[in-house]
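Structural overview
Next come the chains, spelled out residue by residue.
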Protein chains: 4
Amino acid sequence: MIVVLKQNSDQERVDRLLQHFKDMGLTIHYSKGENTTIFGLIGDTTRLDERDVLAYDIVERVQRVTEPFKSVNRKFHPQDTIISVAGRKIGAGYFNVMAGPCSVESEEQIVMVAEAVKKAGASFLRGGAFKPRTSPYSFQGLEAEGLKLLLEAKRQTGLPIVTEIMSEKHLDLFADVDIIQLGARNMQNFMLLKELGRSNKPILLKRGLSATMEEFLMAAEYIFAGGNTNVILCERGIRTFETMIRNNLDISAVPLIKMLSHLPVIVDPSHAAGRRDMVQPLSRAAIAAGADGLLIEVHNDPRCALCDGAQSLDIPCFDAVMADIERRATFEGREMMPQ
Amino acid sequence: MIVVLKQNSDQERVDRLLQHFKDMGLTIHYSKGENTTIFGLIGDTTRLDERDVLAYDIVERVQRVTEPFKSVNRKFHPQDTIISVAGRKIGAGYFNVMAGPCSVESEEQIVMVAEAVKKAGASFLRGGAFKPRTSPYSFQGLEAEGLKLLLEAKRQTGLPIVTEIMSEKHLDLFADVDIIQLGARNMQNFMLLKELGRSNKPILLKRGLSATMEEFLMAAEYIFAGGNTNVILCERGIRTFETMIRNNLDISAVPLIKMLSHLPVIVDPSHAAGRRDMVQPLSRAAIAAGADGLLIEVHNDPRCALCDGAQSLDIPCFDAVMADIERRATFEGREMMPQ
Amino acid sequence: MIVVLKQNSDQERVDRLLQHFKDMGLTIHYSKGENTTIFGLIGDTTRLDERDVLAYDIVERVQRVTEPFKSVNRKFHPQDTIISVAGRKIGAGYFNVMAGPCSVESEEQIVMVAEAVKKAGASFLRGGAFKPRTSPYSFQGLEAEGLKLLLEAKRQTGLPIVTEIMSEKHLDLFADVDIIQLGARNMQNFMLLKELGRSNKPILLKRGLSATMEEFLMAAEYIFAGGNTNVILCERGIRTFETMIRNNLDISAVPLIKMLSHLPVIVDPSHAAGRRDMVQPLSRAAIAAGADGLLIEVHNDPRCALCDGAQSLDIPCFDAVMADIERRATFEGREMMPQ
Amino acid sequence: MIVVLKQNSDQERVDRLLQHFKDMGLTIHYSKGENTTIFGLIGDTTRLDERDVLAYDIVERVQRVTEPFKSVNRKFHPQDTIISVAGRKIGAGYFNVMAGPCSVESEEQIVMVAEAVKKAGASFLRGGAFKPRTSPYSFQGLEAEGLKLLLEAKRQTGLPIVTEIMSEKHLDLFADVDIIQLGARNMQNFMLLKELGRSNKPILLKRGLSATMEEFLMAAEYIFAGGNTNVILCERGIRTFETMIRNNLDISAVPLIKMLSHLPVIVDPSHAAGRRDMVQPLSRAAIAAGADGLLIEVHNDPRCALCDGAQSLDIPCFDAVMADIERRATFEGREMMPQ
């Protein structure tokens, strides 16, 4: 961390600040010029918040030289992390498609979609039991009952399941879920992150609507800090000024995460635009940019979906998209899961 | 709600959609032109999600004519809401300053600051016991112990307290807190919103970093939907491209909320820029724009604050800012609380 | 266009507004409900500005049903436009790579780079003579002299050239330039758009940093309105909150433009991130998403570039990127130019 | 400027870079730690572009310590600049209201509005002759004829005029204009900035829709670099995610500019929201935050304005707003112009 002091700072206060950093176990490179005095802080600066340093009156600017995240940082863990769930490998070139409806609606519906996406080649069934909705008057999901139906679909088809948690209080309900999803709006629900950090479940962490890469990786760091290293990152579109699409896929996030972190990254092309007609082109871009998988909304009848239907594919359409995905994953040298 | 159909839509499917709306108790104005067919849906459309309607293949566009929020909507409740807490009135021209440190650090510190802000004219003591921090390695607040210290400061000074909740699990701990703050990152933590809706505590709801007015008011609607009508809205700055400030006060939010809703709105000039030197000009703008109060960070020694020191005022500085605030509130015809 | 009137509007004023629309040659569908009165305007509404309609006191909301752009709209011109320049075809599956340095620096430099990129397979030489720089103290390009050097490089290598115009006054200087680039900061320089509309030169129109799709296509419409239909659209990254990259490639823009317009769209992966290490993954994503070409910065010695060096590839690196591009274009069934 | 080198950089290349900076006349503080090597560059670094330095392979990070703007920087010119135009003083506590229609439409209209705004207390007449419109099919202003009508209104009322330039080619037409406005979309039209820098006219420079403070002040620096020091900055709202308003007034810009620069800053509350009902609250916030003036759209009949009517005040409404403005300017200790 580099700390630039204000001109003509009182030497006694400079010395006090120097001592403060030394007390934290940091080594200091002290460079005093005619107009500018600079400290270079060497050591573990992750515990140091830029804003706490800025709070000192004599400090003009602060800049990190090393990222504030450690455990998820590729610098300290150069190998790609592979997460193994229900016989599937996620990361490091293995390619997974997680597919299913926005909401679980009935046993018939979820089993039917599970069979269809399994047949088309998906390796996980996704489906929402607890649904984050902007309006309290919208359908909120079948909740605990929805989880039971997902597990029933898993029992009947063998597909492992991915589903979203919305409250620390519900963790017990998720005991048999294969991957717990943390939604974009809860990316900085720090209490829930800590709770998930104490579990040993694979976590699919979705990026917040306006979160930076650093904030996203720091959210993953929260889960690691609790002891859980099974984190899958998911880029699902950011908010931009464009009104023709709901969100805007940040394709740069895929190679950036790959450079910064060893964690797997998957892309959700359904939420990333909120339009059926964008799912295929965005899936193609994601595969080409290096994503480790896709999360795709599929519904038996998009016209009747209880939520988010505008972005769901119907089954014949998903079959076609999957065929295209497989051809492209093969071109990229990725191995489709399950084998 | 206006629904524009795609050209040449199959009449049978149009009829089915018409029937679907009728079954929801809506009245339909059906306008069929040469190229465009339009439905105008009349009735309570708050249960209808635009995206669910868009999911129908035959639908081209959907636009709401009435806002999706009801209980917090000024149209249905033209009078300003006044929230009474501990003898203070909030809203409708009464002006409250809530002041105190970012974090509670010790009994000595919090009591000292409480006395100072009370003397300067603040009507509430604010202070963080549970702290949302971007990094798991940063100080997370004194938690339950911090709440005790806040209550001790209340006991000693008589100042009611405002403090942030971060988990549904902690609600019992907040039994003696006067106003429960819900932070920006949790604005769409729907489970926590529902829980707060079931309590009868006044809630200070902070706007999310990138939330629209509609999303902000829908979050308030969640609390109302649970039965709790004691909601105070807080504008605390949005994320913009500017790097010289941490967030950017959305001053337009103040008059917009006043037009759209009957709820009180206060402004947090400390978080809104993250810089001490912006607190006074932003406070002035907020008062002039019609805010019902201010939430200001004050610390006994900003250089030593355990978090967010860069934006805290020290006590002599807060004294000066308060004198300016009182002069301006009087100019605007607002009544300073407590009397 | 749909116009929703305010409740209880004065009938005389409603009639006057109706007449106003009729006078413009529009057909009106008039739907009067108990609480809401709606006009549907049918006909050519491109001359109608939403804001002009909103200016009427009795109007509550306005929504376009058809896009405000006509000539560039795929609805009225379903076939992909192919632009032929110097024996190259641009659009409709033909794939062009335009490569070269940020700035022309000397004859030796530009000829050397031109030969190198030609050998690697580029179909156009790009290079800046007039440079838009944030600071008046930064190098502003060799200007007219730079144009001469570009033309000399064209003479020696046969590569057609693409270069940026910054002023209406310079149009004569661009007489022998093959494609005139209009930069992102000038996307809404309407006088320059009109001037380019009166020329018959192919125009490479770059999207503004925060422009919406509609604004981007309306800028192209300005060029068409003047009579010039040789427009190539270029997505070059938008401004987002991410600080690790300079801009953020909006990959969704590629399929969106393809749906909305018949014009070719190319992607600039160099400016889109401002980082050398992002050029390859973003190029891959662009090809997969359907782009008609790429605009890539290449320099003989990136360490010495007079501007924007951080994003330039050196020649060995560009050779490798081009080989990858060709393999991918072939996979997608595109035909690389020149044949 | 601080330059952080990559770990284990080749010493010969480090030496070459050191020499390069020395050749530019910079003094270097060289700090070599175990893992990090830092250069502190002392001297005039305004000619140095961060990105040019980043282009060196051995450079990891670059951070400016001093702002890249010089002439407009308050550090080098601590006194507020006062610009004198037609007997009015602008800046340093003098308060000006510039008012008039979006577009000049006829002699009758512009003279009528000029008389009305003069009577209400405005010190300048604003009005558009050349109009930047998103659509080529919208009314583009009366152009040269409109300028004549503005000058006629000036002749009849004595009010000096402010009007927008859109092309370098038109500069001669603006010879008798008192203040030339450069619009938001042209804030980085560098050729026009240079041309205006060579004139001696007062320039009202509007901030771009998504421009940062640094970019805004660098645009002003362009005008100064040409020799023209008569620059008035105008905050007119930035683009945010909010859809209920057209733009969003960045109130923080007012105190930030005042800290960073000695130039006057005025606020345009009409464009800043695009809604009549926001003009008064935003004007109040602007005065309280320290603005040196306001730019307000006024029309004789908002329902018939040829452009931007939704945000224009009619004359009785402007009279009321002006009375409120005067009362507030007096409260703030500002002197209303003209005396």
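What counts as what
- Residues numbered from 1 in each chain as written.
- Chains lettered and ligands numbered in written order.
- Predicted model: local features only at pLDDT ≥ 70, side-chain atom pairs only at ≥ 80, totals over all residues.
- Heavy atoms only, no water.
- Helix = DSSP H or I, 4+ residues; strand = E, 2+ residues; numbered from the N terminus.
- Contact = heavy atoms within 4.5 Å.
- Buried area = accessible area lost by both parts, 1.4 Å probe.
- Salt bridge = Lys/Arg side-chain N within 4 Å of Asp/Glu carboxyl O.
- Polar contact = N/O pair within 3.5 Å; in protein donor to acceptor, adjacent residues only side chain to side chain.
- Nonpolar A, V, L, I, M, F, W, Y, C, P; charged D, E, K, R; others polar.
- Pairing = 2+ DSSP bridges.
- Axes fitted to C-alpha atoms, helices over the stretch in contact; angles between N-to-C directions.
- Least-squares fit on C-alpha atoms with pLDDT ≥ 70 in both.
- Parallel < 35°, antiparallel > 145°, perpendicular 65-115°, else oblique.
- Left-handed = near helix turned anticlockwise from the far one by under 90°.
- Buried < 20%, exposed > 50% of the residue type's maximum accessible area, 1.4 Å probe, protein only.
- pLDDT = per-residue confidence, 0-100.
- Right-handed = clockwise from strand over helix to strand, strands pointing away.

Focus: unusual backbone geometry
Backbone torsion omega between B:Met337 and B:Pro338 reads -15°, so that peptide bond is classified as cis. Topologically, B:Pro338 is positioned in the segment after β15 (335-336). Residues other than glycine seldom take positive phi values, yet B:Ala92 does so here, at roughly 55°. Even without glycine at this site, C:Glu143 takes up a positive phi of about 55°.

Considering the interface of chain A and chain B
Across the boundary between the two partners, chain A contributes 58 residues, which contact 58 residues of chain B. For the chain A and chain B pair, buried surface summed over both sides reaches about 5000 Å², with 48% attributable to carbon and sulfur atoms. The tally of links between chain A and chain B comes to eight salt bridges. For B:Arg133, the salt bridge is made with A:Asp49, and the minimal N-O distance between the two is 2.9 Å. Between chain A and chain B we count 30 residue pairs in polar contact (both at pLDDT 80 or more) in total. With five residues, helix α6 (residues 213-225) of chain A is the single largest residue contributor to the side of chain A that touches chain B. The residue inventory of the side of chain A that touches chain B, partitioned by class, reads 20 nonpolar, 16 polar and 22 charged.

Here's the deal with the interface of chain A and chain C
Counting from both sides, the interface comprises 33 residues of chain A and, opposite them, 33 residues of chain C. Between chain A and chain C lies a buried interface of about 2900 Å² when both sides are counted; carbon and sulfur atoms form 68% of it. The interface formed by chain A and chain C includes two salt bridges. C:Glu332 is the partner of A:Arg328 in a salt bridge, and the nearest nitrogen-oxygen pair spans 2.7 Å.

Quick word on the sheet that holds strand β4 (residues 59-63) of chain C
Residue and element names in this part refer to chain C. Taken together, four strands build an open sheet; the order of strands is β2-β3-β1-β4 and the sheet is antiparallel. Single-partner strands in this sheet number two, and they are β2 (27-32) and β4. The average undirected angle you get between the axes of adjacent strands in this sheet is 20°. Two elements, β2 and strand β3 (residues 37-42), share six bridges in a ladder whose sense is antiparallel. Looking at the pairing, Lys32 lines up with Thr37 of β3. The strands touched by helix α1 (residues 11-23) within the sheet are β1 (2-5), β2, β3 and β4, with β2 carrying the most contacts at an inclination of about 155°.

Side note on the relation of the copies chain A and chain B
The transformation that overlays chain A on chain B combines an axial shift of 0.0 Å with a rotation of 180°, and the residual RMSD is 0.1 Å. What the superposition gives is, in effect, a two-fold axis relating one chain to the other.

As for the packing of helix α5 (residues 190-198) of chain D against helix α6 (residues 213-225) of chain D
Residues and elements named next belong to chain D. Orientation of α5 relative to α6, taken along the N-to-C sense of each, is 45°, at an axis distance of 6 Å. Relative to α6, α5 is oriented oblique. The way α5 lies across α6 gives a crossing that is right-handed. In contact with Phe190, Leu193, Lys194, Leu196 and Gly197 of α5, α6 contributes Ala219, Tyr222 and Ile223.

Points about the pattern of salt bridges
In this structure the tally under the stated criterion is 84 salt bridges over all chains. With its nearest N and O atoms 2.4 Å apart, the salt bridge here joins A:Asp292 to A:Lys258. One end of the pair, A:Asp292, is in the loop between α9 (276-289) and β14 (293-297); the other, A:Lys258, is in helix α7 (residues 253-260), with 34 residues separating them in the sequence. In this structure A:Asp292 comes out as buried when scored by relative accessible area, which is 4%. A relative accessible area of 19% means that A:Lys258 is categorised as buried. Here D:Asp324 and D:Arg327 are joined by a salt bridge, their closest N and O atoms 3.8 Å apart.

Side note on helix α7 (residues 253-260) of chain D
Of all eight residues making up α7(D), seven are buried, and the element is well covered by its neighbours. Listing the buried residues of α7(D) in full gives D:Ala253, D:Val254, D:Pro255, D:Leu256, D:Ile257, D:Lys258 and D:Leu260. Buried residues in α7(D) make contact with α9 (276-289) of chain B together with α6, β12 (231-235), β13 (265-267) and α9 (279-289) of chain D.

A few points about the side chain of B:Asp324
All names here are of chain B. Tracing the backbone through its elements, the reader meets Asp324 in helix α10 (residues 315-331). Residue class for Asp324 comes out buried when judged on its relative accessible area of 11%. Non-local contacts of Asp324, meaning those with residues more than four positions away in its chain, are made with Gln280 and Arg284.

Observations concerning the confidence of the model for chain A
Residues at a pLDDT of 70 or more form 96% of chain A, whose mean pLDDT is 93. In the predicted complex, the global pTM is 0.95; the interface-specific ipTM is 0.94.

Here we look at the relation of the copies chain A and chain C
Superposition record for chain A on chain C: RMSD 0.0 Å, screw rotation 180°, translation along axis 0.0 Å. An overlap of 100% is found between the interface residues of chain A and their copies at the interface of chain C, pointing to a shared contact surface.

Here we look at the pairing of strand β11 (residues 203-206) of chain A
Residues and elements named next belong to chain A. With burial as the criterion, each face of β11 is covered, one bearing Ile203 and Leu205 and the other bearing Leu204 and Lys206. As judged from the three bridges shared by strand β10 (residues 179-182) and β11, these two strands associate in the parallel manner. In the sheet register, Ile180 faces β11, and the bridge partner there is Ile203. What joins β10 to β11 is helix α5 (residues 190-198), and the crossover it makes is right-handed. Inspection of the sheet shows β11 paired to strand β12 (residues 231-235) by four bridges, in the parallel sense.

Overview of the side chain of A:His299
With respect to the secondary-structure elements, A:His299 resides in the loop between β14 and α10 (315-331). At 2.8 Å, the side chain of A:His299 and the side chain of A:Asn300 are in polar contact.

What about the sheet that holds strand β1 (residues 2-5) of chain A?
Residues and elements named next belong to chain A. As summarised here, the arrangement of the four strands in space is β2-β3-β1-β4, forming an open sheet in which the pairing is antiparallel. The two strands at the open ends of the sheet, each matched to only one other strand, are β2 (27-32) and β4 (59-63). Each strand of the sheet is rotated relative to its neighbour by a mean of 20°, with strand direction disregarded.

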